[in-house]
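Below are the chains, spelled out letter by letter.
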Number of protein chains: 2
Amino acid sequence: MSILVMKFGGTSVGSIDRIHRAAKRVSAEVAKGHNVIVIVSAMSGKTNELVGWVSETSPLYDAREYDAVVSSGENVTAGLMALRLQEMDIPARSWQGWQVPVKTTSAHASARIEEIPSDNILAKFDEGMRVAVVAGFQGISPEGRITTLGRGGSDTTAVAFAAAFDAVRCDIYTDVDGVYTTDPRICDKARKLDRIAFEEMLELASLGAKVLQTRSVELAMRYKVKLRVLSSFEEQSDDAGTLVCDEEEIMESNVVAGVAYSRDEAKMTLISVADRPGIAAAIFGPLAEAGVNVDMIVQNISEDGRTDMTFSCPTDQVMRAEKAMNEAKAKGEINFHDLVADKGVAKVSVVGIGMRSHAGVAAQMFEALRDEGINIKVITTSEIKISVLIDRKYMELAVQALHDTFGLDKAS
Amino acid sequence: MSILVMKFGGTSVGSIDRIHRAAKRVSAEVAKGHNVIVIVSAMSGKTNELVGWVSETSPLYDAREYDAVVSSGENVTAGLMALRLQEMDIPARSWQGWQVPVKTTSAHASARIEEIPSDNILAKFDEGMRVAVVAGFQGISPEGRITTLGRGGSDTTAVAFAAAFDAVRCDIYTDVDGVYTTDPRICDKARKLDRIAFEEMLELASLGAKVLQTRSVELAMRYKVKLRVLSSFEEQSDDAGTLVCDEEEIMESNVVAGVAYSRDEAKMTLISVADRPGIAAAIFGPLAEAGVNVDMIVQNISEDGRTDMTFSCPTDQVMRAEKAMNEAKAKGEINFHDLVADKGVAKVSVVGIGMRSHAGVAAQMFEALRDEGINIKVITTSEIKISVLIDRKYMELAVQALHDTFGLDKAS
């Protein structure tokens, strides 16, 4: 008995009609012989409405009550999906998180799944049930209260069920038809990838490609869950969408899998900082406390015991960063001559597991940017990613040039 | 530690602003020293929206999934009410039916409450919690699935909690300010009653005064729960609304407590039916099977072994009744010369426990109607009620005349 997990996001179940269409997709998989666990989000807009009511009622709300209110949207969709499947003569029933139970930590509004006992649902499959519809995004705490997993938590629910039930695959139905080599809106040669490695997907997700929630990819990687992203609005073939999988399952891959970007970045430089042990902690400690999400960090070579320290953060956190640095200076914790903020930069990154075994990717990237006359302001690298900060006005040009350079418009 | 139960209906929690106002009423009772159990309905309109979605998804729905979907509205209100109370520095938390747990039968969509263990909530009161907000209308079946109690079930939830926790009183907040001697819309002398006996309230409820659900009154009577009906939209004094209570608690009461009416009645007469043992069963069996709600039944004196049988039912069930009677005649189960339907009648009733000890109420009623020139078509009586069928055009006149005759405009 093979079990398939199918997850439908908010837009895929955003109306009664769309729930009907999603149910048809489930029915097609049942016809292929799978028993299916369907994970549903709330109808699009519903969670925002509930969150709005909570904030209006109590600005500094008790997260336990927040969870009790906000989780109700998924319960509605789960029941409606089960009803629709029954209407199509498919034996189905709904489960709310506490009924499975999806056991989570007590960290309300951002709980982590700890255990999903499979016995209740497996027993129903044994009795002839073909589809278990589970309300995503929610669980139950050790204290018996309802928890939610935080925004995008339904992806995580889906992957966790796929792991717990040893599913053949976890299909994530969304409003895009897969993962692209880059954003099709700024590069018309962007191509849908048939497969992408977990590590690449993680880098792309954290760089702002909003197809999958980062946590769900991490979880899929750890439990080796085959994850497929596909559109709920297009006719599907068996190899539709993008399969996120172990790199071993990707035969001949391009060295670079994709080009990602992040538009609203700012580059900040502390000029002439005393270069002494502990100076990084003295700078980035106060920034972290002030809630500044520091991304790239570069320290220039030291001259006469002083150095320049450059870091990047989202544009809208620049004021907060300046305040934190000036306060630290006033307290004598750090010393610098000047703080220069450049709010006109963007980050462009190339990502690919092939980089591990191919030298020269960085050089190729820098040449491509040079050929377009684009100046690089900051560089950081990881094992499978190279990121640069450049003037924002060149961002689209850089993405297009890199997409060409690494031959991403052609399947490998 | 005195426990008070307060129930807020859909219009009383129909918006965030109204939830705030309801929370203020709860806070006033907490200030008086009560620990409070608040029972909430869904925000007005929400349950209808959910029911609509269910029907659209699956016209012949699985009642278990219906319950899972429809119960979500109360969960939202419960969480919001708890949040609002916390915002007013009142220790409060929400409970969904399954968390209490409210144990019910498995009769989905019309389940009956079987048991409400009090330990969970009492333990929290002991820890300093002052308000338990409970989602009304719902419970959990022996199989662990969510059940609902049927429309108006939140009143029943409230009374059941008042019984289980031995509450000092059960306050039902609604959009009217109490129980009236008759409908103020058709009799401007109608007067709000300070007290009414359970039995009288039951008769009035079943006669169409829609202030309280009949089941909740039955339950209150059985467990001797003091039930108060009052408006959530007016300033309240300690003796606001109407107290529904044991007749012993009503000192000097009028003989008649109220005049009720039912507008859309039909009178049907089977002419010249064979008067033999079993004829009533032969007539009313098929009517019950056809779903006809027969109310009053009158059998004329027999002549030559034949009689006329008259009964009343709602106007919109006349066609169904005619079909059932003609089919029974065709099968030879009954025999009659003619079936005459009069769709132009209404029912007017006077109700009062004082009738038990006062003779002559019926005579006084008939005289009052005669003085107005109103012909009585059918009469039925019970221990505390007299009902008559009359021409519909005289209905308002009859109600006003009876209200005057029994001095209902004057407090006793």
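Residues numbered from 1 in each chain as written. Chains lettered and ligands numbered in written order. Predicted model: local features only at pLDDT ≥ 70, side-chain atom pairs only at ≥ 80, totals over all residues. Heavy atoms only, no water.

## Some details on the relation of the copies chain B and chain A
Consideration 1: After a rotation of 180° and a shift along the axis of 0.0 Å, chain B superposes on chain A with an RMSD of 0.1 Å. Such a turn and shift between the copies fits a two-fold axis. By C-alpha distance to the rotation axis, the residue of chain B lying nearest is Ser 72 of chain B, at 2.8 Å.
Consideration 2: When the interface residues of chain B are mapped onto chain A, 100% of them again lie at the interface, so the same face is used by both copies. (Least-squares fit on C-alpha atoms with pLDDT ≥ 70 in both. Contact = heavy atoms within 4.5 Å.)

## Considering the UniProt feature "binding site: substrate" (unreviewed entry) in chain A
Residue and element names in this part refer to chain A.
Consideration 1: Under the local residue numbering, the UniProt record ascribes the feature "binding site: substrate" (unreviewed entry) to Thr 47 and Glu 74. Spanning 28 residues, the named residues form one tight spatial group whose C-alpha atoms are at most 8.6 Å apart.
Consideration 2: Considering the arrangement of structural elements, one finds Thr 47 in helix α2 (residues 46-57).
Consideration 3: Setting aside residues no more than four positions away along its own chain, Thr 47 makes contact with Ala 42, Val 70, Glu 74 and Arg 151.
Consideration 4: Along the polypeptide, Glu 74 turns up in helix α4 (residues 72-87). (UniProt positions renumbered as here; feature names shortened; annotations may be inferred. Helix = DSSP H or I, 4+ residues; strand = E, 2+ residues; numbered from the N terminus.)

## What about helix α4 (residues 72-87) of chain B?
All names here are of chain B.
Consideration 1: For α4, spanning 16 residues, the distance from its first C-alpha to its last is 23 Å, which sits close to the expected 22 Å at 1.5 Å a residue.
Consideration 2: The element α4 is extensively covered by neighbouring structure, given that 14 of its 16 residues are classed as buried.
Consideration 3: Two residues or fewer past α4, Asp 89 is found with a positive phi of approximately 65°. (Expected span 1.5 Å × (residues − 1). Buried < 20%, exposed > 50% of the residue type's maximum accessible area, 1.4 Å probe, protein only.)

## A look at the packing of helix α11 (residues 361-371) of chain A against helix α12 (residues 395-405) of chain A
All names here are of chain A.
Consideration 1: It is the contact of α11 with α12, at a shortest axis distance of 9 Å, that shows an interaxial angle of 130°. Between α11 and α12, the crossing angle belongs to the class labelled oblique. Note that α11 runs across α12; the crossing there is right-handed. Across the interface between the two elements, Gln 364, Met 365, Ala 368 and Leu 369 of α11 pack against Ala 398, Leu 402 and Thr 405 of α12. (Axes fitted to C-alpha atoms, helices over the stretch in contact; angles between N-to-C directions. Parallel < 35°, antiparallel > 145°, perpendicular 65-115°, else oblique. Left-handed = near helix turned anticlockwise from the far one by under 90°.)

## Description of the domain arrangement of chain A
For interface size, the figure often reported is the accessible area lost on association.
Consideration 1: Examined at the domain level, chain A breaks down into domain 1 (3-175) and domain 2 (259-405).
Consideration 2: One C-alpha centre belongs to domain 1 of chain A, the other to domain 2 of chain A; they are set 40 Å apart. (Domains from an automatic or database assignment.)

## Considerations on the UniProt feature "binding site: ATP" (unreviewed entry) in chain A
Residue and element names in this part refer to chain A.
Consideration 1: With numbering aligned to this structure, UniProt lists the feature "binding site: ATP" (unreviewed entry) at Lys 7, Phe 8, Gly 9, Gly 10, Thr 174, Asp 175, Tyr 180, Arg 185, Lys 210 and Val 211.
Consideration 2: When residues no more than four places from it in sequence are discounted, the contact partners of Lys 7 are Ile 39, Ser 41, Ser 154, Asp 155, Ala 158, Asp 171, Ile 172 and Tyr 173.
Consideration 3: Within the secondary structure, Asp 175 sits in the loop between β9 (169-174) and β10 (195-197).
Consideration 4: If near-sequence neighbours (up to four positions away) are discounted, Asp 175 is found in contact with Thr 11 and Phe 233.
Consideration 5: Polar side-chain contacts of Asp 175 include one of 3.2 Å to the side chain of Thr 174. (Polar contact = N/O pair within 3.5 Å; in protein donor to acceptor, adjacent residues only side chain to side chain.)

## Considering the interface of chain B and chain A
Consideration 1: Between chain B and chain A, the contact holds 36 residues from the first and 36 residues from the second.
Consideration 2: Both faces combined, the contact of chain B with chain A buries some 3,200 Å², and carbon together with sulfur accounts for 61% of it.
Consideration 3: One can count 2 salt bridges joining chain B with chain A.
Consideration 4: Here Lys 46 of chain B ties to Glu 49 of chain A by a salt bridge, and the two come within 3.9 Å at their closest N and O atoms.
Consideration 5: At the boundary of chain B and chain A, one finds 10 residue pairs in polar contact (both at pLDDT 80 or more).
Consideration 6: Among the elements of the structure, α1 (16-31), α2 (46-57), α3 (63-70), α4 and β3 (92-95) of chain B are those that each provide at least two residues to the side of chain B that touches chain A.
Consideration 7: Per element, the largest residue contribution to the side of chain B that touches chain A is 9 residues, and it comes from α4 of chain B. (Buried area = accessible area lost by both parts, 1.4 Å probe. Salt bridge = Lys/Arg side-chain N within 4 Å of Asp/Glu carboxyl O.)

## What about the sheet that holds strand β9 (residues 169-174) of chain B?
Residues and elements named next belong to chain B.
Consideration 1: Taken together, the 8 strands give an open sheet; going across it, the order is β3-β6-β2-β1-β9-β11-β12-β10, and neighbouring strands pair in mixed fashion. Every other strand in the sheet has two partners, leaving β3 and β10 (195-197) as the edge strands with one partner each. Mean inter-strand twist for the sheet, computed between neighbouring axes without regard to direction, equals 20°.
Consideration 2: The sheet contact formed by strand β1 (residues 3-8) and β9 spans 5 bridges and is parallel. Across the sheet, Leu 4 pairs through a bridge with Arg 169, a residue of β9.
Consideration 3: Each of β1, β2 (35-40), β3 and β6 (131-135) touches α4; the most contacted strand, β6, lies at about 165° to it. (Pairing = 2+ DSSP bridges.)

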